[in-house]
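# Fold and contact review
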Amino acid sequence: MSATTAVEVAIRRFRFEAPEADLVDLRRRLQATRWPDKETVKDESQGAQLAKLQALVGYWGTDYDWRKVEARLNALPQFTTNIDGLDIHFIHVKSRHKGALPLLITHGWPGSVIELLKIIEPLTDPTAHGGSAGDAFDVVIPSLPGYGFSARPQAPGWNPDRIARGWNELMHRLGYEQYVAQGGDWGAVITEVMGRQAPAGLRGIHVNLAAAVPPDVEAALAGTGPVPAMSEQERAVFDALRAYRMSGYAGYFVALTARPQAVGYGLTDSPVGLAAFFLWHPGFANWSYGDDPADPKTKDEVLDDITLYWVTNTATSSGRLYWEHGGASPTSAAAIKTAEISLPVGVTVFPDDVYRPPESWARRAYRNLTYFHEVDRGGHFAAWEQPQLFSEEIRAAFHSLR
């Protein structure tokens, strides 16, 4: 092996400490925010509401402490390795139980590895979380290229297909000959692409936010075909999906697909602009940011994720993944080519997600659907919102592949 090759495949320990000057500058920018006037409606149809955002930003600039989540991350086994010319960051936690199944989990946008931290212990130490030793996983959680602590691509080409190939290289580099993969949001797209590529060693996949909109239904949604005959449940899903696409919530998708660089200038310069843009995403928009005692998600968790993007300056580089994908819908079976997936596929549907496919559509999309379950709580960021339930779903979906 040449010296150059040895460097390329090296796995290096990683820890991160944001420069204090950057955190001081963040607070200065927050306090100097030039605010727009109040929205003219009583809901979020025009975007994040002024009073709600001001309350969050007020806390962000005074009482919020980035160092807490930074210490939490640095307490985990974190690494970087160069894959296809790019340094990739990942968390790798091995189970103490023998025979643990290696599991690769991919996050989405505007999430990060932070959205997956709560499921590490239930998956690696199931006996402490209602499971048995036979449910154990070794967990690998990479940061997408251009996200968080992974390097920012300097040239185009890091699309889901290339990332999927890189993830397989990562798992084999870690010594795993056999493994399974899971993802939601962009993580679902990349996981499904891995399933289509079917690399040696990948035994099966599980997704939330499945690419299960049938081609004829997608045509009807796009206005290029008639509305096909549907069951009552299918029609309800169709109507909800059409309403979502017409609501304006999907506008961030259009903006990032068309001009991620243009959008990124404002997000990179203004932390409030970054927060307001993230809150456009429906997965964030229905969060209470700590105002609702019944909401398991706190404003600190929201700010942990947003601040990660800020301190790593990845608002623009992360958004380019939409441009790389060319505007293809992440829920379209035809766009993701799910018909080409022959590996076992598991799907969990969370009731508060933006798209909740009926089982009939999932079976049309995946010819080897081995697990399908509609649960009673949780939304788009399911691992973040319902970590115990999410972990139980992962155990159940991959039980037959052990």
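Coordinates for the structure precede this section.
Here the structure is a predicted model, which is why all the values come from computation and not from measurement.

## Remarks on the packing of aromatic side chains
If you walk through the whole model with that rule in mind, you get 16 aromatic pairs. Centroid distance Phe79 to Phe90: 5.5 Å. Interplanar angle 25°. Geometry classified as stacked. One end of the pair, Phe79, is in strand β2 (residues 78-83); the other, Phe90, is in strand β3 (residues 86-93), and eleven residues separate them in sequence. The pair formed by Phe79 and Phe90 is uniform in burial state, with each residue classed as buried. Taking 5.9 Å as the distance between ring centres and 70° as the angle between the ring planes, the aromatic pair formed by Trp109 and Phe277 counts as edge-to-face. Placement of Trp109 in the loop between β4 (101-106) and α5 (120-124) and of Phe277 in helix α12 (residues 271-278) is noted, with a sequence separation of 168 residues between them. We note that Trp109, like Phe277, is buried. When the ring centre of Tyr59 is taken as origin, the NZ or CZ atom of Lys299, which lies over that ring, is 4.8 Å away.

## Some details on the pairing of strand β8 (residues 345-349)
The element β8 is extensively covered by neighbouring structure, given that five of its five residues are classed as buried. Of the two faces of β8, the one carrying Val345, Val347 and Val349 and the one carrying Gly346 and Thr348 are both buried. Sheet analysis places strand β7 (residues 202-208) next to β8, joined by three bridges and oriented parallel. Looking across to β8, one finds that Ile205 is bridged to Val345. By the bridge criterion, five bridges tie β8 to strand β9 (residues 369-374) in an arrangement that is parallel. In the sheet register, Val345 faces β9, and the bridge partner there is Leu369. Where the polypeptide runs from β8 across helix α17 (residues 359-365) and back to β9, its parallel neighbour, the crossover connection is right-handed.

## Thoughts on the environment of Ala51
On the secondary structure map, Ala51 appears in helix α3 (residues 50-60). A relative accessible area of 54% places Ala51 in the exposed class.

## Description of the pattern of salt bridges
Opposite charge on two side chains permits them to pair, given that their charged atoms come into close proximity. Under the definition given, this model contains 20 salt bridges. In this structure, Lys38 engages Glu39 in a salt bridge whose closest nitrogen and oxygen atoms are separated by 3.9 Å. Classification of Glu39 by relative accessible area gives buried; the value is 14%. With a closest N to O distance of 3.4 Å, Arg196 and Asp161 form a salt bridge. With Arg196 in helix α7 (residues 186-197) and Asp161 in helix α6 (residues 160-173), this residue pair connects regions lying 35 residues apart in the sequence. By relative accessible area, Asp161 is classed as partly exposed at 26%. In the salt-bridge network here, residues are joined through shared partners; they are Glu20, Arg27, Arg67 and Glu70.

## Thoughts on the sheet that holds β7
Spatially, β1-β2-β3-β5-β4-β6-β7-β8-β9 is the arrangement adopted by the nine strands of the open sheet, whose pairing is mixed. Every other strand in the sheet has two partners, leaving β1 (11-13) and β9 as the edge strands with one partner each. Each neighbouring strand pair of the sheet contributes to a mean axis angle of 25°, computed without reference to strand direction. On the sheet, helix α19 (residues 387-398) packs against β4, β5 (137-142), β6 (179-184), β7, β8 and β9 and is oriented at approximately 145° with respect to β7.

## A look at the environment of Asp25
Here Asp25 is to be found in helix α2 (residues 20-31). Along the backbone, Asp25 and Phe381 are 356 residues apart, and their C-alpha atoms lie at a distance of 30 Å.

## With respect to unusual backbone geometry
For the bond from Trp109 to Pro110, the omega torsion is 0°, close enough to zero to count as cis. Structurally, Pro110 is set in the loop between β4 and α5. Look at Asp185: it is not a glycine, yet its phi comes out positive at around 60°. Summarising the element assignment, Asp185 is placed in the loop between β6 and α7. Notably, Asn313 is not glycine yet its phi reads approximately 55°, a positive angle. Along the polypeptide, Asn313 turns up in the loop between α14 (299-312) and α15 (315-325). You can call Asn313 partly exposed: its relative accessible area is 39%.

## Overview of the nonpolar core
Formed by 121 residues in total, the largest nonpolar core has its most connected members in Trp60, Trp66, Trp109, Phe137, Val347, Tyr355 and Tyr366. Examining the composition of this core, we find that seven residues originate from one element, α14, more than from any other.

## Side note on the packing of helix α10 (residues 251-258) against α15
Any two packed helices are characterised by how steeply their axes cross, that is the angle between the axes, and by the distance between the axes. Put simply, α10 and α15 touch, their axes get as near as 7 Å, and they point 85° apart. The angle between the axes of α10 and α15 places the two elements in the roughly perpendicular class. Across the interface between the two elements, Tyr252, Phe253, Leu256, Thr257 and Ala258 of α10 pack against Gly319, Tyr322 and Trp323 of α15. Per-class residue counts for the contact of α10 with α15 are six nonpolar, two polar and no charged.

Parameters and conventions
Residues numbered from 1 in each chain as written. Predicted model: local features only at pLDDT ≥ 70, side-chain atom pairs only at ≥ 80, totals over all residues. Heavy atoms only, no water. Phe/Tyr/Trp six-rings, centres within 6.5 Å; stacked < 30°, edge-to-face > 60°. Helix = DSSP H or I, 4+ residues; strand = E, 2+ residues; numbered from the N terminus. Buried < 20%, exposed > 50% of the residue type's maximum accessible area, 1.4 Å probe, protein only. Lys NZ or Arg CZ within 6 Å of the ring centre and 35° of its normal. Pairing = 2+ DSSP bridges. Right-handed = clockwise from strand over helix to strand, strands pointing away. Salt bridge = Lys/Arg side-chain N within 4 Å of Asp/Glu carboxyl O. Axes fitted to C-alpha atoms, helices over the stretch in contact; angles between N-to-C directions. Contact = heavy atoms within 4.5 Å. Core = buried A, V, L, I, M, F, W, Y, C linked by side-chain atoms within 4.5 Å. Parallel < 35°, antiparallel > 145°, perpendicular 65-115°, else oblique. Nonpolar A, V, L, I, M, F, W, Y, C, P; charged D, E, K, R; others polar.

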